[in-house]
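Listed here are the chains, written in short residue letters.
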Amino acid sequence: MIGILHRQRKKQEQRRLEIAILRHNPADPTSTPQLQSFHIEEAEGMTLFIALNEIRSTQDPSLQFDFVCRAGICGSCAMLIDGRPGLACRTLTRDLGPRITLAALPFFELIGDLSVNTGKWMRGTSERLQTWIHDHAKVDADALEARMEPELAEAIYELDRCIECGCCIAGCGTAQMREDFVGAVGLNKIARFRLDPRDQRNDEDFYELIGDDDGVFGCMALLGCHDVCPKQLPLQTQIAYLRRKMALIGLT
Amino acid sequence: MTALIDNKGSNELLAADASGQRVIHAPTAMPLRQSQRKSRWPARFDLLQSASGLFLALFLMAHMFFVSTILISNEAFYTVARFFEGAYFLGKPYPILVSAVVIVIMVIFIAHSWLAMRKFPAGYRQYRAFIDHKNHLRHNDTSLWWLQIWTGFALFFMATIHLYDMLTQPALIGPYESADRVWTGSMWPLYLLLLFAAELHASIGLYRLAIKWGWFTATTPNRSRRRLRWAKHSLSAFFITLGLVTLAVYVDLGRNHAAHAGERYVSPQHSTAPVRH
């Protein structure tokens, strides 16, 4: 019995992976997008983060990709893994076939190979949707901070877990067709600030930001965002909630 | 009230023109808040698209049940047809009532088509972008939308033919009349395609409505989705099966009646026009 288990594990360890990476350097005028394959030995518990670093250190130092935290918190390693958006650091190679295709996230500005500038787009979205607390009361630095029910604080924190990796935008059919669509990341932020009692904006103010076909009414409920979100944010219910609230404003 | 200033707008306001002077926009007569107020129409269009779709889907289901009364007996279908002509309230059948209902359905159908068309891919670039996305994502709900587009597109034409037929020939709804239309009138291929397009479009649409507006939620979003998906599959399967069986009965009836095509059905119970009970 133990022998059988042992053999199976050994068989898995022996897997040789082919990692095909869509490579392109937009800064180089002679560069054309093409798939380049790398072969590596699979290791126990190997993530794509480990695999890519091994390729870069042993086979091709020019390979470009982003990593910071390697623990699914920073959101910089999002890429298309076999065509689906996901975080490389949270993806185990053993969950994939022996041939893995990697490509940069679509929609965002390409820096090179697997590296995209999600930050620029996220910053623009934050400015467009004004995702900060709008409070016009005079700040009294000596006063105690207003209390908040733990349940409410947790509900806000739940939505605040978004790491802005861009997977929801890459998984969104609407965003692929209509570049101005705010996407789940933007709508989730509005839902987050709408919950926050410190933010004095009301639904009419939020309607000004997302009350059109580039906002919440552009969402066709294809749920790509919900299904690819690496943080399992409740995007489906949050967008439905916002849609109901914004539709009510439409009746005023 | 928080002043919401569009960044792009404020940048334009501050942008210097070629001579280095700032472009100052003349203040408008309207109060600032009023002039900046976003149109409520996107919200209303979204609501109307959902409401019209919901109405049409529910109508389609009721319609299928009425049509399938032929499975009970010719007499049952005859009774239903005369019922909608008001025969049991007004003393005699008024087919114009059917035409009136058809006009209402037509208006809602056209409104729904127009509203839903806004979501279609506009132009080849969007079309291509969506197909590529759908193919590499391999995601059920995304692919379903593609089916929704094509069945919707097909319904533009197929449902219109059927609606026009009912609008102009409201009196010719009855066991033999309908069977003759299906078989001798060569409508069965259209009805067959229409059945699949309409039932798929309606069940996917109802599923999407529930997701979009957050109806029938379970403890977790994924659980409610599994439940809704099951309901969607069941609806499609049930109504397509019922439709196919019903159509088969009409084809059979039409073939047997082909020699006498055009002859109206005469109810053994009401040898003349039905009378008030």
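These figures come from a predicted structure and were not determined experimentally.

1. Digging into the overall build of chain A
Piece 1. For chain A, the count of helices and strands is 10 helices and 7 strands.
Piece 2. A principal-axis box enclosing the C-alpha atoms of chain A has dimensions of 65 × 50 × 40 Å.
Piece 3. For chain A, restricting intrachain contacts to residue pairs at least 6 apart in sequence, the fraction spanning at least 24 positions comes to 63%.
Piece 4. Just so you have it, chain A exposes about 12400 Å², and 52% of that area is on carbon and sulfur atoms.

2. Describing helix 7 (residues 183-195) of chain A
All names here are of chain A.
Piece 1. Spanning 13 residues, helix 7 covers 19 Å between terminal C-alpha atoms, matching the ideal 18 Å at 1.5 Å per step.
Piece 2. With respect to burial, helix 7 is a largely interior element, 11 of its 13 residues being buried.
Piece 3. For helix 7, the elements touching its buried residues are helix 3 (118-129), helix 4 (150-160), helix 5 (167-170), helix 8 (203-210), helix 9 (224-228) and helix 10 (235-250).

3. Comments concerning the pattern of salt bridges
All names here are of chain A.
Piece 1. Per the stated rule, a full pass over the model turns up 29 salt bridges over all chains.
Piece 2. For the salt bridge of Arg194 with Asp203, the shortest nitrogen-to-oxygen distance reads 2.6 Å.
Piece 3. The class for Asp203 is buried, based on a relative accessible area of 18%.
Piece 4. The salt bridge involving Arg198 is made with Asp196; its shortest N-O contact spans 2.8 Å.
Piece 5. The class for Asp196 is buried, based on a relative accessible area of 2%.
Piece 6. The structure contains a network of salt bridges with shared partners spanning Glu145, Asp160, Arg192, Asp196 and Arg198.

4. Details of the sheet that holds strand 3 (residues 78-81) of chain A
Residues and elements named next belong to chain A.
Piece 1. The 5 strands are arranged 2-1-5-3-4 in an open sheet whose pairing can be described as mixed. Bordering the open sheet on either side are strand 2 (34-41) and strand 4 (84-87), each of which pairs with just one other strand. This sheet shows a mean twist of 35° between the axes of neighbouring strands, independent of strand direction.
Piece 2. One ladder, built from 2 bridges, connects strand 3 with strand 5 (residues 99-103); its direction is antiparallel. Considered in strand 5, the bridge of Leu80 is made with Ala103.

5. Describing the pairing of strand 5 of chain A
Piece 1. One ladder, built from 4 bridges, connects strand 1 (residues 16-23) of chain A with strand 5 of chain A; its direction is parallel. Paired with Ile19(A) across the two strands is Ile100(A), which belongs to strand 5 of chain A.

6. Some points on unusual backbone geometry
Residues and elements named next belong to chain A.
Piece 1. You will see that Asp113, though not glycine, has its phi angle at about 50°, which is positive.
Piece 2. Within the element layout of this structure, Asp113 appears in the loop between strand 6 (109-112) and strand 7 (115-117).
Piece 3. Taking the relative accessible area as the measure of exposure, Asp113 reaches 4% and is therefore buried.
Piece 4. Backbone geometry at Leu223 places phi at a positive 65°, although glycine is not the residue there.
Piece 5. According to the relative accessible area criterion, Leu223 is buried, its value standing at 6%.

7. Thoughts on the confidence of the model for chain B
Residues and elements named next belong to chain B.
Piece 1. Here chain B averages 88 in pLDDT, while 84% of its residues score no lower than 70.
Piece 2. Note on residues 1-32: pLDDT under 50 across the span, and 30 contacts to partners over four residues away in sequence or across chains.
Piece 3. Scoring of the predicted complex yields 0.87 for pTM and 0.90 for ipTM.

The rules behind these values
Residues numbered from 1 in each chain as written. Chains lettered and ligands numbered in written order. Predicted model: local features only at pLDDT ≥ 70, side-chain atom pairs only at ≥ 80, totals over all residues. Heavy atoms only, no water. Helix = DSSP H or I, 4+ residues; strand = E, 2+ residues; numbered from the N terminus. Contact = heavy atoms within 4.5 Å. Areas by Shrake-Rupley, 256 points an atom, 1.4 Å probe, with all protein chains shown as cover. Expected span 1.5 Å × (residues − 1). Buried < 20%, exposed > 50% of the residue type's maximum accessible area, 1.4 Å probe, protein only. Salt bridge = Lys/Arg side-chain N within 4 Å of Asp/Glu carboxyl O. Pairing = 2+ DSSP bridges. Axes fitted to C-alpha atoms, helices over the stretch in contact; angles between N-to-C directions. pLDDT = per-residue confidence, 0-100.

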